[in-house]
Amino acid sequence: MIDYTEKIPNNVDLGRDRGLQRALEHWQPAYMGWWYDMGPNESHNFEVYLRTAISVEPDGWAQFGYVKMPEYRWGIFLQPRDEKREVNFGIHKGQPAWQEVPGEYRSTLRRVIVTQGDTEPASVEQQRLLGSSCPSMYDLRNIFQVNVEEGRHLWAMVYLLHRYFGRDGREEAEALLARRSGDADNPRILGAFNEPTPDWLAFYMFTFFTDRDGKFQLCALAESGFDPLSRTCRFMLTEEAHHMFVGETGVTRIIKRTCEVMKENKVEDPAQVRALGVIDLQTIQRYLNFHYSVTLDLYGSDVSSNAANYFTNGLKGRFRETKLDDDHVLSEAEYPVYEVIGDKIVKKNVPALTALNERLRDDYIEEIADGVGRWQRVIDEAGIPFKLMLPHKGFHRAIGNFAGHHISVNGDVLTAEAWDKRKHEWLPSPADEKFVQSLMTGRVVEPGQFANWIAPPLRGINSKPLDFEYVRFN
Ligand SMILES: [Fe+2]
Ligand SMILES: [Fe+2]
């Protein structure tokens, strides 16, 4: 159970470690300052129907109620410890899982935790203006839920930094509040987290694609031999599921509404579709291409000695490591990666240990493909002859073997000129973004009402009706 009588709710017996408690209580006002500055714009007085974690058990861990977001009880929640847990891969395989940071891996682990932690406040910053153009109260509540949970994920990482990394950890925790998404001088660490999220289509795409990268990274870290990191990530994953739900169903509802309007009015031409106040499927495809490609970059280089070291040293595992049926050491195995040679993309086998980024990216792509297949079903069921596609893995990449090359969505290697000529067939143009944003100029705030460009969801949150007052504006 979680202790909510403490200033910082937690299930780690924080009160027993006075020094740590003081350090975190010192960080807390800085965090609140960040939330007031960079959290959802003009939202501080709203009462939002939010879920709050009350237990880390998988059944019934959350409680729903109205909360003013600055009063959300951000806290530190770890999955319970399994005394028998071992390091499950790499050269330390079979040793008891580490309860303290092994000295030789200290700086690497700190870097891994900081990189993960940095993404959490970044997405809140990216989304901070979207509340003023929400398509419904239901959606407004959902984005706020995502935002407060990303804030909690920051707490999760900051706890690890403070508890296990001493003064360096405390300095990193402060730096996490100092960087800003998109800032020229002090940006967030990873590229996708410096891209703007200027509208709700981008938001749903982000939560579908980029929060799912979060899921895969957390799954890999949940395998870590460093047990507190594993237990932290396991609990974060239960929250992440809702973020991906918001993204997938958001895009589904946009597609559904577009298809309804296309059918009712018997139009297929994108300009005519737009004239009816909904987002044409071609634009949805371009947003998909953009968010997919920038998110693929988050997995890093196809061949990486860092990734090999993380694995060999037991710091970061593969997706579902313990369910995989192999030696968990990967001393002999190979894995295919792709390279651009001349105007061809060629496959080549490399030691599997060095290709772990690529492997995690492939696991991710598999799950993404399933989700896009579910979107396609909505179009098929409407009888509209349009096929969504996932672009080639090399399309619009800035990191890894495809970086510096110009790959089309079909995997053709193009010249820079040919790419430039065609890039807005594949990526949203400023005009596309302007159109999408023209649909989202104000808040839809009547309970049960939805903007014209999106269908209502199938059901409300926590079995509440669709016309429930999910946000009280005061
Ligand atoms: Fe997160
Ligand atoms: Fe998330």
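Because the structure is a prediction, the values reported are computed rather than measured.

Cut-offs applied
Residues numbered from 1 in each chain as written. Chains lettered and ligands numbered in written order. Predicted model: local features only at pLDDT ≥ 70, side-chain atom pairs only at ≥ 80, totals over all residues. Heavy atoms only, no water. Donors = N, O, S within 2.8 Å, 3.2 Å for Na, K, Ca; no water. Helix = DSSP H or I, 4+ residues; strand = E, 2+ residues; numbered from the N terminus. Buried < 20%, exposed > 50% of the residue type's maximum accessible area, 1.4 Å probe, protein only. Tetrahedral: all angles 85-135°; square planar, octahedral: opposite > 155°, others 65-115°. 1 Å grid on protein atoms, 1.4 Å probe; cavity = no way out; pocket = protein on both sides within 12 Å on 5 of 7 lines; lining within 4 Å. Points joined across faces, edges and corners; volume = space filled by probe spheres on them. Nonpolar A, V, L, I, M, F, W, Y, C, P; charged D, E, K, R; others polar. Expected span 1.5 Å × (residues − 1). Bend = angle between axes of the 7 residues up to and from the residue. Polar contact = N/O pair within 3.5 Å; in protein donor to acceptor, adjacent residues only side chain to side chain. Phe/Tyr/Trp six-rings, centres within 6.5 Å; stacked < 30°, edge-to-face > 60°. Lys NZ or Arg CZ within 6 Å of the ring centre and 35° of its normal. Axes fitted to C-alpha atoms, helices over the stretch in contact; angles between N-to-C directions. Parallel < 35°, antiparallel > 145°, perpendicular 65-115°, else oblique. Contact = heavy atoms within 4.5 Å.

Draft legend 1. Summary view of the coordination of the iron ion (ligand 1). Coordination of the iron ion (ligand 1) by the protein comes from Glu120 (OE), Glu150 (OE) and His153 (ND1), over a distance range of 2.0 to 2.2 Å. In the primary sequence, the donor residues of the iron ion (ligand 1) line up as E-x29-E-x2-H. Here the iron ion (ligand 1) and the iron ion (ligand 2) are spaced 3.5 Å apart, with Glu150 acting as a shared donor. Placement of both Glu150 and His153 in helix H3 (residues 137-164) is noted, with a separation of three residues, approximately one turn of the helix. As far as the burial class goes, Glu150 and His153 line up, both buried.

Draft legend 2. Broad picture of the coordination of the iron ion (ligand 2). Summarising the metal site, the iron ion (ligand 2) is bound by the protein donors Glu150 (OE), Asp211 (OD), Glu240 (OE) and His243 (ND1), whose distances to it range over 1.8 to 2.2 Å. Taken together, the four donor atoms surrounding the iron ion (ligand 2) define angles of 90 to 173 degrees at the centre, an arrangement classified as irregular. Mapped onto the sequence, the donors of the iron ion (ligand 2) take the spacing E-x60-D-x28-E-x2-H.

Draft legend 3. Molecular detail of empty space enclosed by the protein. One pass over the full model with this rule turns up two cavities of 30 Å³ or more. The volume enclosed by the largest cavity comes to roughly 130 Å³. Around the largest cavity, the lining is made up of 13 residues, and of these Lys316, Gly317, Leu356, Asn357 and Leu360 lie nearest the centre. If you tally residues by element for the lining of the largest cavity, the top one is helix H10 (residues 356-381), at five residues. A breakdown of the residues in the lining of the largest cavity according to their chemical character gives seven nonpolar, two polar and four charged. Looking at the second largest cavity, its volume works out to about 40 Å³. If you go around the second largest cavity, the residues you meet are Gln126, Ala192, Glu195, Pro196, Thr197, Phe206, Thr210, Phe290, His291 and Val294. The set of elements that each furnish at least two residues to the lining of the second largest cavity consists of helix H5 (200-222) and helix H8 (281-296). With three residues, H8 is the largest single contributor of residues to the lining of the second largest cavity.

Draft legend 4. Representation of the layout of surface pockets in the model. In this structure, the largest pocket spans a volume of roughly 780 Å³. Looking at the largest pocket, it is lined by 38 residues, and the ones nearest its centre are Thr115, Leu190, Gln217, Leu298 and Lys316. Every element with two or more residues in the lining of the largest pocket is listed here: helix H2 (106-126), H3, H5 and helix H9 (305-312). For the lining of the largest pocket, a count of residues per class yields 14 nonpolar, 15 polar and nine charged.

Draft legend 5. Quick look at H5. Given a rise of 1.5 Å per residue, 23 residues ought to cover 33 Å, and the 31 Å separating the end C-alpha atoms of H5 matches this to within 8%. Within H5, the axis deviates most sharply at Phe206, by approximately 35 degrees. The N-cap of H5, judged by a side-chain oxygen 3.1 Å from the amide nitrogen of Leu201 a few residues on, is Asp199.

Draft legend 6. Focus on the packing of aromatic side chains. This structure, assessed with the given rule, holds 36 aromatic pairs. Summarising the aromatic geometry, the rings of Phe208 and Phe209 are spaced 4.8 Å apart at their centres and angled 90 degrees between planes, so their arrangement reads as edge-to-face. A relative accessible area of 0% means that Phe208 is categorised as buried. Residue classification places Phe209 among the buried residues on the basis of a relative accessible area of 0%. With a centroid separation of 5.7 Å and 40 degrees between ring planes, the pair formed by Trp419 and Trp426 is classed as tilted. No difference in accessibility class separates Trp419 from Trp426, as the two residues are buried. Linked through ring pairs, Trp27, Tyr31, Trp34, Trp35, Tyr72, Trp74 and Trp155 together constitute an aromatic cluster. Geometry around Tyr66 places Arg472 over its ring, the cationic atom sitting 3.5 Å from the centre.

Draft legend 7. Region of interest: the packing of helix H1 (residues 18-38) against helix H4 (residues 166-178). Axis separation between H1 and H4 bottoms out at 10 Å; the angle between their running directions is 10 degrees. Considering the angle they form, H1 stands roughly parallel to H4. Across the interface between the two elements, Ala23, Trp27, Ala30, Tyr31 and Trp34 from H1 touch Arg170, Ala173, Glu174 and Leu177 from H4. In terms of residue class, the contact of H1 with H4 is made up of seven nonpolar, no polar and two charged.

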